[in-house]
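In case you want the letters, here they are:
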Amino acid sequence: MDSRFQQLADYVYDVQHRIGATAAALYILQNNRIVHESYSGKHDEDERSRSVDAYTQFNVGSVRKTYLALAISLLIEQGRIGSVDDPVSRYLDKLPECTHDVALRHLLTHTHGLMERQGKLIQEFTAGSGWAYRNVGIAMLFEIVFRLTGMTLSEFLTKAVFEPYGLRETGWRNTQNEQLIYNYYSHPNNWVGPNDSTAGDQSNLFVSARDLAKWGHLHLRWGAGWDGRQVLPHSVFERVTALQTPEGVPSQQPRNGYIWWLQHGTPLNQIGKLVPVGSYQALGITGCAVLVIPDYNVVAVRMYNQLINPVDYDYLEDIRTFGNLVSDATHLS
């Protein structure tokens, strides 16, 4: 192992044991090459379980939302969406009155203010005036992709992104596969359920560590693949990682691109202070993360398989520490 990454690797695997995850992975790209790759543990608690390796696919939770974000950007590029500031009502009908001031930008930056209460959609705050992380806006974006393309998100991305870029270890799964980690997933029989959809509208997206690193690398290089081929226009990726949060959102609240968390000096951010401005990150409930640091030409991925963490575990401290250690290990290269 490159000695630069010893402290980072030790930290990642210490957290694995602290939160009770049976599996972990750490994968780092810098300057268009793999500089660290390591795996730990087994797919579940059974001693005979499969060991974690390069082929293991983890459930990535809310990291899936960045895939939806790219689909929206691609639809803008194709002219099927006129502008990120178009009202949602232009693309969805039969919406309640509380959505009249909500634009696509608000859905993509968690600033729409919408929430469900007793089965009804209400607006907690005026769109663009605050920030709240909720899935109401995500569900609307999924529906927009389907209405504009006639395809599910999974079908659309497979054709437009996964196949052209060779992301073969990425997909929404609803059948058992020895390469998938099932334990700690939210089904009583500990594997992805047969009622889960492969459409891309649920949280059953499974990705290998190296494919998630490729996903971050595509964004870092604005759509240039591993071999340098520009399959999609760089503007598709550029707008996704640019600051998109409305100016009216209070300065202490997080800043987003299209879904991605941005390093923008805000107190409530989930990126460590040592990570340079211009970096961006996506996170999932299972403990996985992909962090992109353009200043250092770095993509860092960590993977876990834990849904329920100990009561004394501080997630914000953990994810910020991870970013700081990545930054410290890579800033001089």
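Residues numbered from 1 in each chain as written. Predicted model: local features only at pLDDT ≥ 70, side-chain atom pairs only at ≥ 80, totals over all residues. Heavy atoms only, no water.

S.K.: Hey, could you run me through the environment of G137 in this one?
M.R.: Among the secondary structure elements, G137 is positioned in helix α4 (residues 136-149). In this structure G137 comes out as buried when scored by relative accessible area, which is 0%. For the pair G137 and N256, spaced 119 residues apart in the sequence, the C-alpha separation amounts to 14 Å. (Helix = DSSP H or I, 4+ residues; strand = E, 2+ residues; numbered from the N terminus. Buried < 20%, exposed > 50% of the residue type's maximum accessible area, 1.4 Å probe, protein only.)

S.K.: In this structure, what is going on with the packing of helix α1 (residues 6-19) against helix α8 (residues 315-330)? I would like to understand it.
M.R.: The relative placement of two packed helices comes down to the angle between their axes together with the axis-to-axis distance. At a minimum axis separation of 9 Å, α1 and α8 run at an interaxial angle of 160°. Relative to α8, the element α1 is oriented roughly antiparallel. Classified by chirality, the crossing of α8 by α1 is left-handed. In this structure, α1 contributes Q7, L8, Y11, V12 and V15 to the contact, and α8 contributes E317, D318, T321, F322, L325, V326 and D328. Of the residues contributing to the contact of α1 with α8, the split by class is seven nonpolar, two polar and three charged. (Axes fitted to C-alpha atoms, helices over the stretch in contact; angles between N-to-C directions. Parallel < 35°, antiparallel > 145°, perpendicular 65-115°, else oblique. Left-handed = near helix turned anticlockwise from the far one by under 90°. Contact = heavy atoms within 4.5 Å. Nonpolar A, V, L, I, M, F, W, Y, C, P; charged D, E, K, R; others polar.)

S.K.: Would you take a moment to explain the layout of surface pockets for this structure?
M.R.: To locate leftover empty space, one rolls a probe as large as a water molecule over the atoms. Quantified by volume, the largest pocket comes out at close to 200 Å³. Grouping the constituent residues of the lining of the largest pocket by class yields five nonpolar, four polar and no charged. (1 Å grid on protein atoms, 1.4 Å probe; cavity = no way out; pocket = protein on both sides within 12 Å on 5 of 7 lines; lining within 4 Å. Points joined across faces, edges and corners; volume = space filled by probe spheres on them.)

S.K.: Quick question: what am I supposed to make of the side chain of R239 here?
M.R.: With respect to the helices, strands and loops of the structure, R239 is situated in helix α7 (residues 234-241). Looking at R239, its side chain comes within polar contact range of the side chain of E77, at 2.9 Å. (Polar contact = N/O pair within 3.5 Å; in protein donor to acceptor, adjacent residues only side chain to side chain.)

S.K.: What am I meant to see in α1 here?
M.R.: Look at α1: 20 Å from first C-alpha to last across 14 residues, which is about the 20 Å you get at 1.5 Å a residue. All buried positions along α1 are accounted for by L8, A9, Y11, V12, Y13, V15, Q16 and I19. Buried residues in α1 make contact with β1 (23-30), β2 (33-41), β11 (298-304) and α8. A positive phi of about 80° marks G20, the residue just after α1. (Expected span 1.5 Å × (residues − 1).)

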